[in-house]
Amino acid sequence: LSVMVSQQAYEDGYRFRMVVEPAALLEPTFRVDKAALQELADQQISLLKGGFRKLSPTELFSLNSQFHEVLIGFSNNPFFIDAIKKIDRVRRLLDFRSTSASNRERLLKQCSEHLEILDLLEKGDNAAAAEFLRSHIEGALKSKRGLVASAPG
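Residues numbered from 1 in each chain as written. Predicted model: local features only at pLDDT ≥ 70, side-chain atom pairs only at ≥ 80, totals over all residues. Heavy atoms only, no water.

1. As for the overall build of the chain
Tallying secondary structure elements over the chain gives six helices and zero strands in all. For the chain, the sequential pattern of α-helices and β-strands runs α-α-α-α-α-α. When burial is assessed residue by residue, the chain has 44% of its 153 residues classed as buried. Contacts spanning at least 24 positions in sequence make up 83% of the contacts within the chain whose residues lie at least 6 apart. (Helix = DSSP H or I, 4+ residues; strand = E, 2+ residues; numbered from the N terminus. Buried < 20%, exposed > 50% of the residue type's maximum accessible area, 1.4 Å probe, protein only. Contact = heavy atoms within 4.5 Å.)

2. Details of the packing of helix α1 (residues 7-25) against helix α3 (residues 57-73)
With their axes 8 Å apart at the nearest point, α1 and α3 run at an angle of 45° to one another. Between α1 and α3, the angle falls in the class oblique. Mapping the contact onto sequence places Arg 17, Glu 21, Ala 24 and Leu 25 in α1 and His 68, Leu 71 and Ile 72 in α3. A breakdown of the residues in the contact of α1 with α3 according to their chemical character gives four nonpolar, one polar and two charged. (Axes fitted to C-alpha atoms, helices over the stretch in contact; angles between N-to-C directions. Parallel < 35°, antiparallel > 145°, perpendicular 65-115°, else oblique. Nonpolar A, V, L, I, M, F, W, Y, C, P; charged D, E, K, R; others polar.)

3. Observations concerning the confidence of the model for the chain
Any residue range with low pLDDT should be treated as having predicted coordinates unsuitable for detailed reading. Of all residues in the chain, 83% attain a pLDDT of 70 or more, and the chain-wide mean is 86. The element-level mean pLDDT for the chain is lowest in helix α4 (residues 78-101), coming to 76, with helix α2 (residues 34-48) highest at 97. (pLDDT = per-residue confidence, 0-100.)

4. A look at α1
In this model, α1 (19 residues) spans 28 Å end to end at C-alpha, consistent with the 27 Å of a helix rising 1.5 Å per residue. Restricting attention to buried positions, one finds in α1 the residues Tyr 10, Glu 11, Gly 13, Tyr 14, Arg 17, Met 18, Val 20, Glu 21, Pro 22, Ala 24 and Leu 25. (Expected span 1.5 Å × (residues − 1).)

5. So, the pattern of salt bridges
Side chains carrying opposite charge are able to pair once their charged atoms draw close together. Applying the stated criterion across every chain, the model contains six salt bridges. Across the salt bridge formed by Glu 21 and Arg 17, the nearest N and O atoms sit 2.6 Å from each other. Of this pair, Glu 21 and Arg 17 both sit in helix α1, four residues apart, which is roughly one turn of that helix. For Arg 17, a relative accessible area of 2% translates into the label buried. Two residues, Lys 86 and Asp 82, come together in a salt bridge whose shortest N-O distance is 3.3 Å. Pair noted here: Lys 86 and Asp 82 are both in helix α4, with a separation of four residues, about one helical turn. (Salt bridge = Lys/Arg side-chain N within 4 Å of Asp/Glu carboxyl O.)

What follows is the structure, given as structure tokens:
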């Protein structure tokens, strides 16, 4: 995969993430790094307090990718980590286009959902976190579907 240039490729990438990311949370080698978890929570809280308004689409994409990559990294499975990094690279173009075309207020919901996932992981409820993560990714796809289709270029 070099780049996702079509609506179908973009959706395929999100559908892949809906399978792989929750599965990583259920790996027997999954171990939460409490300091990293707290750092992610602090980032999301900062964004919720208006920090998202000060960031470029590139910075927002990077923070979102980092959030998901750190969670997957807790799996300690290099195949999951590698797969998510590759998907992030190929979805970057259309995500930038959809972010610049969208109302960035939707990011508030994303941040709140990220905090819920972190809370579930902190409590050790990986099964609930995995299901919530799948739903979160599905919701992101639904919210971006029209934006990507109508984005210029």
